[in-house]
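Structural overview for review
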Amino acid sequence: MSMLLVLRRLNIPAVVQHLQQSAMSIYADVPKGPAIEVFALTQAFKDDSNPSKVNLSVGAYRTDAGVPWVLPVVRKTEISIASDEAVNHEYLPVTGLETFTSAATELVLGADSPAIKENRAFGVQTISGTGALRVAADFLHIHLNRNVVYYSNPTWENHHKIFSDAGFTTLKSYRYWDQNKRQLDFKNMVADLNEAPPGAVIILHACAHNPTGIDPTQEQWTELADLLEKKKLFPLFDSAYQGFASGDPDRDAWAVRYFVQRGFELFTCQSFAKNFGLYCERAGNLTVVQKCAGTKAAIHSQLTWIVRGQYSNPPAYGARIVSKVLNTPELRKEWMASIQTMSSRIRQMRTALRDKLVALGTPGNWDHIVNQIGMFSYTGLNESQVRVLIDEYHIYLLKTGRINMCGLNTGNIEYVAKAIHAAVTGAGSNAACPCDNKL
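Everything in this summary refers to the structure shown in the same document.

The rules behind these values
- Residues numbered from 1 in each chain as written.
- Predicted model: local features only at pLDDT ≥ 70, side-chain atom pairs only at ≥ 80, totals over all residues.
- Heavy atoms only, no water.
- Helix = DSSP H or I, 4+ residues; strand = E, 2+ residues; numbered from the N terminus.
- Rg over C-alpha atoms; globule rule 2.2 N^0.38 Å.
- Contact = heavy atoms within 4.5 Å.
- Pairing = 2+ DSSP bridges.
- Axes fitted to C-alpha atoms, helices over the stretch in contact; angles between N-to-C directions.
- Buried < 20%, exposed > 50% of the residue type's maximum accessible area, 1.4 Å probe, protein only.
- Polar contact = N/O pair within 3.5 Å; in protein donor to acceptor, adjacent residues only side chain to side chain.
- Arc of directions from axis to C-beta.
- Phe/Tyr/Trp six-rings, centres within 6.5 Å; stacked < 30°, edge-to-face > 60°.
- Parallel < 35°, antiparallel > 145°, perpendicular 65-115°, else oblique.
- Left-handed = near helix turned anticlockwise from the far one by under 90°.
- Right-handed = clockwise from strand over helix to strand, strands pointing away.
- Patch = residues over 30% accessible without salt bridge, like charges linked within 9 Å, V, L, I, M, F, W, Y side chains within 5 Å.
- Areas by Shrake-Rupley, 256 points an atom, 1.4 Å probe, with all protein chains shown as cover.
- Salt bridge = Lys/Arg side-chain N within 4 Å of Asp/Glu carboxyl O.

1. Side note on the overall build of the protein chain
If you tally the helices and strands in the protein chain, you get 19 helices and 13 strands. Relative to the 2.2 N^0.38 estimate, which gives 22 Å for 439 residues, the radius of gyration of the protein chain is 24 Å and therefore close to what a compact globule would have. Principal-axis analysis of the C-alpha atoms gives the protein chain an extent of 75 × 70 × 55 Å. Long-range pairs, those at least 24 residues apart, make up 74% of the contacts in the protein chain between residues at least 6 apart in sequence.

2. Brief notes about the sheet that holds strand 2 (residues 121-127)
Paired through backbone hydrogen bonds, the strands of a sheet run either parallel or antiparallel to each other. Pairing is mixed in the open sheet, where 7 strands are placed in the order 2-10-9-8-7-3-4. What marks the edges here is a single partner per strand, and that holds for strand 2 and strand 4 (170-175). Between one strand axis and the next, the sheet turns through 25° on average, direction left out of account. In terms of strand pairing, strand 2 meets strand 10 (residues 283-289) through 7 bridges, oriented antiparallel. Residue Val124 lies in a different strand from strand 10, and its bridge partner there is Leu286. Against the sheet, helix 10 (residues 218-231) engages strand 7 (201-205) and strand 8 (234-239), with an angle of about 170° to strand 7.

3. Focus on the environment of Lys231
In this fold, Lys231 is placed in helix 10. Lys231 sits in the partly exposed class, given a relative accessible area of 21%. Along the chain, Lys231 and Ile420 lie 189 residues apart, while their C-alpha atoms are 43 Å from each other. In terms of polar contacts, Lys231 uses its side chain to reach the backbone carbonyl oxygen of Asn194, at 2.8 Å.

4. Focus on helix 9 (residues 186-193)
Buried residues of helix 9: Phe186, Met189, Val190, Asp192 and Leu193, and no others. Considered in projection along helix 9, the buried side chains sweep an arc of 165° and stay on one side of the axis. Among the structural elements, strand 3 (148-153), strand 4, strand 6 (183-184), strand 7 and helix 10 are those in contact with the buried residues of helix 9.

5. Section: the packing of aromatic side chains
According to the stated counting rule, one finds 19 aromatic pairs in the structure shown. Taking 6.0 Å as the distance between ring centres and 80° as the angle between the ring planes, the aromatic pair formed by Phe45 and Tyr396 counts as edge-to-face. Residue Phe45 is located in helix 3 (residues 37-47), and its partner Tyr396 is located in strand 12 (residues 395-396); the two are separated by 351 residues in the primary sequence. When the centroid spacing of 4.9 Å and the interplanar angle of 20° are considered together, the rings of Phe276 and Trp335 count as stacked. Here Phe276 is found in helix 13 (residues 273-276), whereas its partner Trp335 is found in helix 16 (residues 329-360), with 59 residues between them in sequence.

6. Observations concerning the packing of helix 16 against helix 19 (residues 413-425)
Where helix 16 contacts helix 19, the two axes come as close as 9 Å, and the packing angle between them is 45°. One finds that helix 16 runs oblique with respect to helix 19. The interaxial crossing formed by helix 16 with helix 19 has right-handed handedness. Contacts between helix 16 and helix 19 involve Met349, Ala352, Leu353, Lys356, Leu357 and Leu360 from the former and Ile413, Glu414, Ala417, Lys418, Ile420 and His421 from the latter.

7. Details of the environment of Ala191
Of note, Ala191 is situated in helix 9. Considering only alpha carbons, one finds Ala191 and Ser83, 108 residues apart in sequence, at a separation of 56 Å.

8. A few points about the pairing of strand 8
Most of strand 8 sits inside the fold, with 6 of its 6 residues counted as buried. Of the two faces of strand 8, the one holding Phe234, Leu236 and Asp238 and the one holding Pro235, Phe237 and Ser239 are both buried throughout. Chirality of the crossover, the property in question, places the unit of strand 7, helix 10 and strand 8 among those that are right-handed. By the bridge criterion, 4 bridges tie strand 8 to strand 9 (residues 266-271) in an arrangement that is parallel. Within strand 9, the position partnered with Asp238 by the bridge is Cys269.

9. Points about the side chain of His209
In this fold, His209 is placed in the loop between strand 7 and helix 10. Engagement of the side chain of His209 in a polar contact is seen with the side chain of Thr212, the distance being 2.8 Å. Apart from the residues lying within four places of it in its own chain, the contact partners of His209 are Ser152, Pro154, Tyr176, Ile214 and Asp215.

10. Observations regarding a nonpolar patch on the surface
Nonpolar side chains collect at one region of the surface, where Ile26, Tyr27 and Val30 lie side by side and expose about 400 Å² of accessible area between them. Its place among the elements puts Val30 in the loop between helix 2 (13-24) and helix 3. The exposure class assigned to Val30 is exposed, which follows from its relative accessible area of 56%.

Shown next, in the form of C-alpha cells:
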C-alpha cells in the first residue's frame, strides 16, 4: 500500500495535500523569497486604518497635502502628445528615442561639454536608472572583464543585487556614513578605495546620496578624482536626483562634469523618476563617456545586443515626455520651476523637523537633517527606535532610520517630531495615545 493511500485512510488531509502538490509540481521546492522592505512597508501603511499614520518609506515626492504630484508641465506635455495624430505606437530603436538620449546626455554633461562636441559621449535609453545600472554592469562584466565593484556603506539596496546578478564576483563596500558624528566618513572612504584593485568599478552617487543625503564637497570630489585616477579605477555615477536635489540641474551634475573634465572614461546611470515625477514610466538613460570618438560604434553595437537580450527595446511614453520638455525652451523653463518647487519644499521640511526636535529637547544633535540634501535623511535612529515609531505611532520608515522627507508636511510634522522624541527618550506610547495628534 502506498504512503499516500495510508495517509488518506488515516485522514491527514494537510499532509496528503502537500504530498500531492509535491508530486505534481516542479516548483514545490522553490523557497519563498524575503519581502522587499520598502514595498512591504508601503503595503503595511495602506493596510493600516490608523488616522494618524505616516509613510516615510517609499522614495516618491508628495505635496504638502500628502498626495502624489503630477508636474503641471508633464500633464501639459502628456495632453500634447496624446493629441498629436502623427504619434504612433511603433517600436523604438533598440537603444531608444534619439531625441531623448541626446537631451538626457546633455542634461548631465552640460550643453558645452567637450565630450559631446567631440562625439565622445552618447546615451542609451534604459528602463529607468535600475535598467541603466544593469546594462552598464553587463557591459563592464562581459566586454571589459570587470568582476570587482565597490559601493558605499550604506547605499541603495539594489546596487549589490544588480551587480551580483550581472556576474560580478567581488562585491565590496567602502565606508561612507559616520553614525556617531552623523556625517560623511570621508577619511575611511578614501582608505577603503585605496585598497581597490586597478580596474575596479566604483559606484558613486552624483548627488543627494541615497540613503544618507550627504554628499562630498567639491574639494572632496577633487581628492576622489585624484585617487581614482592614480589607482586606475572606473567611476560609475548613479544619478537619480539631478535637479530634484538642489533645484539646479547644473549644480547637481557638478561631480560628473568634473570627472569628465579630468579626462575620465565613465558611465552615468540616469533616472527621470524623481525629477520628472515619472515613477511608473521607467524613463532612464545610460550616458557613456569615452576618450575618443573612435570607440563609439563598437561600444554602441555591444550595448545594442545587451538591450536586445534583456528587453529588446525600451518604452516610448516617458521618453517622449522628457524629450519634449527638455527640447522645448518654454517647457524646460516650466520644468525648472517645478523642480525648484519640490526641492524647496523638502528643504522647508528639513528645517521644520530639525527645529521641532530641538524645541522638544530631543537628545542629540539634529543639524545633520538640514546639512543633508535631496529626498532622504539618514536620521541616526536605531532599529529599536524605528520599531517604536512603526508599532506604536504608525509611522513607517526603513529599519536603517532612513526617511523620505517628502512624506512630511505641515499637517503631520509635529506628530512625527513628537513621536521621534518619544522613541529616542524611551517614552514610547505610554506618554500618550498614538492616535492623538496632540501627542
